[in-house]
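# Architecture and fold: a report
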There are 2 protein chains.
Amino acid sequence: MVNLNDIKAAAVRLKPIIVRTPLISSPALNEIAGGTVLLKAENLQRIGSFKIRGAYNLLSQLTPEQAKRGVIAFSSGNHAQAVAAAGTMLGIETTIVMPEDAPRIKIENTRTLGGITVLYDRYTGDRETIAREMAAERGCEVVPSYDHEHIIAGQGTTGLEIVDQCAEAGVVPDQVLINCSGGGLTAGCAVAIKGQLPGVTIHPVEPEQYDDTRRSLISGKREHVDVSAKSICDALQVATPGKITFSINKELLGDGLVVSDDEVRDAIRFAFAQLKLVVEPGGAASLAAVLAGKVDTRDKVTVAVLSGGNIDAEMFAAIQTGQD
Amino acid sequence: MVNLNDIKAAAVRLKPIIVRTPLISSPALNEIAGGTVLLKAENLQRIGSFKIRGAYNLLSQLTPEQAKRGVIAFSSGNHAQAVAAAGTMLGIETTIVMPEDAPRIKIENTRTLGGITVLYDRYTGDRETIAREMAAERGCEVVPSYDHEHIIAGQGTTGLEIVDQCAEAGVVPDQVLINCSGGGLTAGCAVAIKGQLPGVTIHPVEPEQYDDTRRSLISGKREHVDVSAKSICDALQVATPGKITFSINKELLGDGLVVSDDEVRDAIRFAFAQLKLVVEPGGAASLAAVLAGKVDTRDKVTVAVLSGGNIDAEMFAAIQTGQD
């Protein structure tokens, strides 16, 4: 399990390498919400998403022997870049198994950051199987993208910053909305935030086609969704919540929220026109939930985590000009 | 003249309505610069630029009689929107003289924010003459876009925040780069920063076609440039520095820097891809100067002000996809 002290220890480890991303306020957004909305801008994080927090926290705790053998990860994008970057910083060889239809910018960046990429077809292959077979052959560690204590603790440092930055701004959050895929960021933030402010409600936000955490919270057990469904949110597509993440999340989360692809596009356009921020689809789900009124924000203090900003220029241009 | 106390008084006046925009750091940018670069993100300011600071500071100090008669401003861009918004907040009627071929979105935004727009033909009329004639008829105040003590003091609050935020980050800036048009933001920030940290060098940054401040700093008197020149930086096109602004700037500024349109486009693309920020051309000049090596950043602490983010979606999309 992961506790508040694990996350505080991760924060010490991460301090020299991460950006303490700003908690951004926008009068235009507050007006729409009828309350205070604060945006934790992890799209401004090193390498454009929160993922460096967990990846570095795990890689920096490998034994010298493990580090020498290198590591393998499987990821559609942001985790891939984060593992590659953390590996380069720590002198650890990284091999990343990625779907061949992942955003081009994410594949290119993973290589530029020093990762060795292995591509597979997401509709016929299973990335986890491929990665685990390679790891068994090489006798090396797999760096999971969410279901590991060190990953969860690393992502949870985002939650520590939210609590500190709300205090600095003189507000107490009523609710925090977190984009949710496997649940690592959500679980880490839930521990960090509810460990200090037990009255805060944490809402995971998912694409409506990939609402496995929402369903699992209702039934109390890990539900599966159909992974053949298309979603604009490439970063938020998993079949089922992680074992460790869900064991935390089922105790700490409020209701799961869902957003449609069109609501996400609207949020990306709003972020461009009104906030002057570049947010990727999976990073905009929580903002979409606020803008689409999926949660009551009136007279409340709501924090929404913008978890990433890695989006291809062509896709961003098409969304802004109404061609997507 | 404007002194540090005027700016501190403006900061008190502005506190309830402006955003304390973040001072953003980026490991990717630091690596390119070979030093520490901090970005004062005024593109994240209310209405997308620093202009609300000066406009509100002036309008909030009108006498009740002046406020009752309303105000007139002339501007095709960010100042127009700022005056309209400040007027609406303070219950003051605002009339903005704008060229009829100004981007429709800027005219619409000015109206949406509560301004009454008067359009003129820029080839046959002169907006300043039109505005001054209307003001004389109505007996009301004109709100200049830079050459006024209250405007300069308002914009200078950006500089106060830079000093405070550098101290919070535990760094002392060596140099501050400020996008310069009429010189209001530059003059206000120079007073705020050098009044507290006399050792800092302040560099104004201009488009190479509109380097009136750079030339004036060299000759020691207000030089004029040809206003028929084209530049991508629509917000940075003036013929000559302001009288008041230049009387301050000639005492406080270091060398003027210039950037080309292509260097500005590169900076807008870098801001999108690496920083996840939306910056308009005139707002990106200081970043362009850093990226193009127009100033020595090695082992130094450099602050660059991103002064605005109001750019049409079509233009932004064209720049990102290499069609502009």
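What you see is a predicted model, and the numbers here were worked out from it, not measured in a lab.

## Brief notes about the relation of the copies chain A and chain B
Look at the two chain copies: a rotation about an axis and a shift along it is all it takes to match them. Relative to chain B, chain A is turned by 180° and slid 0.1 Å along the rotation axis, the superposed coordinates differing by an RMSD of 0.7 Å. What we have between these two chains is a two-fold relation. Counting the interface residues of chain A, we find that 100% of their copies in chain B are interface residues as well, pointing to one common contact surface.

## Some points on helix α5 (residues 78-90) of chain B
All names here are of chain B. The end-to-end C-alpha separation of α5 is 18 Å, in line with the 18 Å expected for 13 residues at 1.5 Å each. Of all the 13 residues making up α5, 10 are buried; the element is thus mostly covered by neighbouring parts of the structure. Every buried residue belonging to α5 is among Asn78, His79, Ala80, Gln81, Ala82, Val83, Ala84, Ala85, Ala86 and Gly87, and all of these are buried. Where the residues of α5 are buried, they touch α3 (51-59), β3 (71-74), β4 (94-99), α6 (104-112) and α8 (149-168). At the C-terminal side of α5, Gly91 shows a positive phi close to 70°.

## Some remarks on the nonpolar core
In this structure, A:Leu39, A:Leu277, A:Leu287, B:Leu39, B:Leu277 and B:Leu287 are the most contacted members of the largest nonpolar core, which totals 74 residues. Setting aside anything within four residues of it in sequence, one finds A:Leu39 in contact with A:Pro22, A:Leu23, A:Ile24, A:Leu29, A:Leu275, A:Leu287, A:Ala304 and A:Leu306.

## Re the interface of chain A and chain B
A common way to express how large an interface is: the accessible area buried when the components associate. Taken residue by residue, the interface counts 24 residues in chain A and 24 residues in chain B. A buried area of about 2000 Å², summed over both sides, lies between chain A and chain B, and 74% of it is on carbon and sulfur atoms. Counting the surface chain A buries against chain B, the share from its top three residues, A:Pro27, A:Phe272 and A:Lys276, is 31%. In this structure, the connection of chain A to chain B is made through zero salt bridges. Run the count over chain A and chain B and you get six residue pairs in polar contact (both at pLDDT 80 or more).

## Some words on the pattern of salt bridges
Close approach of charged atoms lets side chains of opposite charge pair. All names here are of chain A. Tallying each qualifying case throughout the model produces 26 salt bridges over all chains. Linking Arg53 and Glu42 is a salt bridge whose minimum nitrogen-to-oxygen distance equals 2.6 Å. Taken together, the positions of Arg53 in helix α3 (residues 51-59) and Glu42 in the loop between β2 (36-41) and α3 put the pair 11 residues apart, joining distant regions of the chain. Here Arg53 matches Glu42 in class, with each residue buried. For Arg265, the salt bridge identified is with Asp262, shortest N-O distance 2.7 Å. You can see Arg265 and its partner Asp262 sitting in helix α12 (residues 261-275), three residues apart, about one turn around the helix. According to the relative accessible area criterion, Arg265 is buried, its value standing at 15%. A single salt-bridge network, built from bridges that share partners, covers Lys40, Glu42, Arg53 and Glu161.

## Some points on the packing of aromatic side chains
A full pass over the atoms with the stated rule returns five aromatic pairs over all chains. Taking 6.1 Å as the distance between ring centres and 75° as the angle between the ring planes, the aromatic pair formed by A:Phe272 and A:Phe316 counts as edge-to-face. With A:Phe272 in helix α12 and A:Phe316 in helix α14 (residues 313-320), the pair connects residues that are 44 residues apart, well separated along the chain. For the pair A:Phe272 and A:Phe316, one class covers both residues: buried. Ring geometry for A:Phe316 versus B:Phe316: centroids 6.0 Å apart, planes at 65°, classification edge-to-face. Note that A:Phe316 is positioned in helix α14 and B:Phe316 in helix α14 (residues 313-320), a pairing that runs across two chains. Here the two residues A:Phe316 and B:Phe316 agree in accessibility, since each one is buried. Put simply, the rings of A:Phe272, A:Phe316, B:Phe272 and B:Phe316 pair up and form one aromatic cluster.

## Considerations on the environment of B:Pro281
Residues and elements named next belong to chain B. You can see Pro281 is positioned in the loop between α12 (261-275) and α13 (285-291). The exposure class assigned to Pro281 is buried, which follows from its relative accessible area of 1%. Sequence separation between Pro281 and Gly188 is 93 residues, and the spatial gap between their C-alpha atoms is 21 Å. Residues contacting Pro281, with those up to four places away along its chain left out, are Ile232, Cys233, Val264, Ile268, Ile311 and Met315.

## Considerations on the state of the cysteines
Per the stated rule, a full pass over the model turns up zero disulfides over all chains. With no disulfide of its own, B:Cys180 lies closest to B:Cys189 among cysteine sulfurs, the gap being 11 Å.

## Remarks on the domain arrangement of chain A
Residues and elements named next belong to chain A. When the domains of chain A are assigned, the result is domain 1 (4-49 + 149-320) and domain 2 (52-143). The C-alpha-based centres of domain 1 and domain 2 are spaced at 23 Å. On the side of domain 2, 23 residues touch domain 1, which itself brings 31 residues to the contact. In total, about 2300 Å² of surface goes out of reach between domain 1 and domain 2, with carbon and sulfur atoms giving 53% of it. When the area that domain 1 buries against domain 2 is broken down by residue, the three leading residues are Arg13, Ile47 and His150, summing to 26%. Across the salt bridge formed by Glu280 and Lys106, the nearest N and O atoms sit 2.9 Å from each other. When residues of the side of domain 1 that touches domain 2 are assigned to their parent elements, the largest contribution, eight residues, is made by helix α8 (residues 149-168). Residue composition of the side of domain 1 that touches domain 2, by class: 10 nonpolar, 11 polar and 10 charged.

## Concerning the sheet that holds β3(B)
Residue and element names in this part refer to chain B. Read across the sheet, four strands follow the order β5-β4-β3-β6 without closing on themselves; strand pairing throughout is parallel. Every other strand in the sheet has two partners, leaving β5 (116-120) and β6 (141-142) as the edge strands with one partner each. For β4 and β5, the ladder comprises five bridges, and the chain directions are parallel. Note that in β5 the partner of Val97 across the bridge is Val118. Strands β3, β4, β5 and β6 of the sheet are contacted by helix α7 (residues 127-138), whose axis makes an angle of about 175° with β3.

Conventions adopted
- Residues numbered from 1 in each chain as written.
- Chains lettered and ligands numbered in written order.
- Predicted model: local features only at pLDDT ≥ 70, side-chain atom pairs only at ≥ 80, totals over all residues.
- Heavy atoms only, no water.
- Least-squares fit on C-alpha atoms with pLDDT ≥ 70 in both.
- Contact = heavy atoms within 4.5 Å.
- Helix = DSSP H or I, 4+ residues; strand = E, 2+ residues; numbered from the N terminus.
- Expected span 1.5 Å × (residues − 1).
- Buried < 20%, exposed > 50% of the residue type's maximum accessible area, 1.4 Å probe, protein only.
- Core = buried A, V, L, I, M, F, W, Y, C linked by side-chain atoms within 4.5 Å.
- Buried area = accessible area lost by both parts, 1.4 Å probe.
- Salt bridge = Lys/Arg side-chain N within 4 Å of Asp/Glu carboxyl O.
- Polar contact = N/O pair within 3.5 Å; in protein donor to acceptor, adjacent residues only side chain to side chain.
- Phe/Tyr/Trp six-rings, centres within 6.5 Å; stacked < 30°, edge-to-face > 60°.
- Disulfide = S-S within 2.5 Å.
- Domains from an automatic or database assignment.
- Nonpolar A, V, L, I, M, F, W, Y, C, P; charged D, E, K, R; others polar.
- Pairing = 2+ DSSP bridges.
- Axes fitted to C-alpha atoms, helices over the stretch in contact; angles between N-to-C directions.

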